[in-house]
Amino acid sequence: MNDYMIETRGLTKKYGEQLSVSGLSLHVRKGRIYGLLGRNGAGKTTTMRMLLGLTAPTSGDVKIFGKPLRGNEKRILPRIGSLIESPGFYPNLTGTENLQIFASLRGLKKPKYVKNALEVVNLPYKDKKLFSQYSLGMKQRLAIALAVMHNPELLILDEPINGLDPIGIAEMRDFIRELCDAMDKTILISSHILSEISLLADDIGIIDHGVLLEEESLEELERKNGKYFCFRVSDPKTAARLLKQQMGVQDIAIGNTNELTVRDSGLETGAAVRLFVEAGLTVSDAHLYEETLEDYFKKVTGGEGIA
């Protein structure tokens, strides 16, 4: 038996002739934060809506907690907390009063449900401030409180840091990390902000034009990115041959403008330059670079990066 909280196979959604999600096979492991990364319009929200039964897939299967979602919605969905769109909070009520209404609708009669949810996101219980007076960061925190109020096992959060200032983003990141680490929640979070996903997620899926291009642990992606050396030499083909024959280097790529890219963390730059010079080559540049998640995203999608 696997430890996937969410598993999809060939998940596809078409709106008329428009293909929004295509053949998605997603794997979200228990007790981890999975970052679904993609540009706006890449298919992230549609995917999450299908996982929550809000949109019926055109084809493909969804399993949650190891069971098919279809036909088991009444048993599965109450175990999930979600933030897909901004909840319809009442502007003329306080945060506590808003949550009390939702708690009543869900049959959560004890005050502890509201109180505990507010404590999780560091909002005061029975505060007099109206929702209309909340900052954007406070509104997002209240939305998270609503998502966790019934103590779900799984959270599905669509762009929860979108529109927040740097302080609000850092606070939200801390809340989400604590939900996973201290409260044992499994979390699927979507975002187009690569830098934040790289600081938060344990596993990452890269989606582009509805297609899941990559699915790896963050640790594995960082290993793939790694460091690389870039040389500019008068004869890159000869330089590549020398590196292979004399230094045993295999991962070499020849680019434009006499560039030679070497992915070998054990390469000694000075020794390589001496080898080139002794062979009569002119070396005009030698640099060590370290790729970011942004670089990797561009490489995988074959396009421009995102924020």
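Conventions and cut-offs
- Residues numbered from 1 in each chain as written.
- Predicted model: local features only at pLDDT ≥ 70, side-chain atom pairs only at ≥ 80, totals over all residues.
- Heavy atoms only, no water.
- UniProt positions renumbered as here; feature names shortened; annotations may be inferred.
- Salt bridge = Lys/Arg side-chain N within 4 Å of Asp/Glu carboxyl O.
- Helix = DSSP H or I, 4+ residues; strand = E, 2+ residues; numbered from the N terminus.
- Buried < 20%, exposed > 50% of the residue type's maximum accessible area, 1.4 Å probe, protein only.
- Phe/Tyr/Trp six-rings, centres within 6.5 Å; stacked < 30°, edge-to-face > 60°.
- Lys NZ or Arg CZ within 6 Å of the ring centre and 35° of its normal.
- Patch = residues over 30% accessible without salt bridge, like charges linked within 9 Å, V, L, I, M, F, W, Y side chains within 5 Å.
- Areas by Shrake-Rupley, 256 points an atom, 1.4 Å probe, with all protein chains shown as cover.
- Expected span 1.5 Å × (residues − 1).
- Contact = heavy atoms within 4.5 Å.
- Pairing = 2+ DSSP bridges.
- Axes fitted to C-alpha atoms, helices over the stretch in contact; angles between N-to-C directions.
- Core = buried A, V, L, I, M, F, W, Y, C linked by side-chain atoms within 4.5 Å.

The name given to the chain in an unreviewed UniProt entry is ABC transporter ATP-binding protein, with Candidatus Eisenbergiella stercorigallinarum as the source organism. If you open the UniProt record of the chain and go to Sequence similarities (unreviewed entry), you find "Belongs to the ABC transporter superfamily."

Engineer: Even after reading the chapter, I still don't get the pattern of salt bridges, so can you show me in this structure?
Structural biologist: In this structure the tally under the stated criterion is 14 salt bridges. Among the ionic pairs, Glu196 bridges to Arg173, the shortest N-O distance being 2.4 Å. With Glu196 in helix 7 (residues 194–200) and Arg173 in helix 6 (residues 166–181), this pair connects stretches of sequence that are 23 residues apart. Under the relative-accessibility criterion, Glu196 is labelled buried at 13%. One connected set of salt bridges, linked through shared partners, spans Arg29, Arg32 and Asp203.

Engineer: Is there a simple way to explain the packing of aromatic side chains in this structure?
Structural biologist: Geometry of an aromatic ring pair is reported as the spacing of the ring centres plus the angle between the planes. Under the definition given, this model contains four aromatic pairs. Look at Phe231 and Phe276: their rings are 5.5 Å apart centre to centre, the planes differ by 90 degrees, and that puts the pair in the edge-to-face class. With Phe231 in strand 12 (residues 227–233) and Phe276 in helix 10 (residues 269–278), this pair connects stretches of sequence that are 45 residues apart. Take Phe231: its relative accessible area is 0%, and that puts it in the buried class. In this arrangement the basic side chain of Lys112 is found over the ring face of Tyr113, its NZ or CZ atom lying 5.6 Å from the centre. It is Lys139 that lies over the ring of Phe131; its NZ or CZ is 5.3 Å from the centre.

Engineer: What is the right way to look at a nonpolar patch on the surface in this model?
Structural biologist: On the surface, a nonpolar cluster with roughly 320 Å² of combined accessible area is contributed by Tyr90, Ile101 and Leu105. For Tyr90, the location among the structural elements is in the loop between strand 7 (80–83) and helix 3 (95–105). Since its relative accessible area comes to 44%, Tyr90 is described here as partly exposed.

Engineer: Where do I start with helix 9 (residues 236–247) in this structure?
Structural biologist: Residues that lie three or four places apart on an α-helix share one face, since the helix turns once every 3.6 residues. In this model, helix 9 (twelve residues) spans 15 Å end to end at C-alpha, consistent with the 16 Å of a helix rising 1.5 Å per residue. Of the residues making up helix 9, those classed as buried are Pro236, Thr238, Ala239, Ala240, Leu242 and Leu243. Taken together, the buried residues of helix 9 touch strand 12, strand 13 (252–254), strand 14 (259–262) and helix 10. Of the residues flanking the end of helix 9, it is Gly248, one or two places downstream, whose phi is positive at about 70 degrees.

Engineer: I would appreciate a short explanation of the sheet that holds strand 12 in the present structure.
Structural biologist: Picture the strands of a sheet paired through backbone hydrogen bonds; they go either parallel or antiparallel. Taken together, the four strands give an open sheet; going across it, the order is 13-14-12-15, and neighbouring strands pair in antiparallel fashion. Pairing within the sheet leaves two strands with one partner each, and these edge strands are strand 13 and strand 15 (283–290). Between one strand and the next, the sheet's axes are offset by a mean angle of 20 degrees, whatever the strand orientation. As paired strands, strand 13 and strand 14 are joined by three bridges and run antiparallel to one another. Paired with Ala253 across the bridge in strand 14 is Thr261. In this fold helix 10 packs onto strand 12, strand 14 and strand 15, with an angle of close to 20 degrees to the strand it touches most, strand 12.

Engineer: Would you mind going over unusual backbone geometry with me for this structure?
Structural biologist: In most cases, non-glycine residues show a negative phi, while peptide bonds are predominantly trans. Of note in this structure, His209 is not a glycine but carries a positive phi near 50 degrees. One can find His209 in the loop between strand 10 (203–208) and strand 11 (211–217). Here Asn258, not a glycine, exhibits a phi torsion of approximately 60 degrees, which is positive. The residue Asn258 is located in the loop between strand 13 and strand 14 in this model. Taking the relative accessible area as the measure of exposure, Asn258 reaches 35% and is therefore partly exposed.

Engineer: Just to check I follow, could you spell out the nonpolar core for this structure?
Structural biologist: What tends to happen in soluble globular proteins is that the nonpolar side chains get buried as a cluster. Of all hydrophobic cores here, the largest spans 48 residues; its most connected members are Leu99, Met149, Ile187 and Ile204. The element contributing the most residues to this core is helix 5 (residues 136–148), with eight residues. Setting aside chain neighbours within four positions, we find Met149 in contact with Leu99, Phe102, Ala103, Arg106, Leu108, Tyr113, Val114 and Ala117. In this structure, Leu26, Leu52, Phe65 and Ile76 belong to the second largest nonpolar core, which totals 26 residues.

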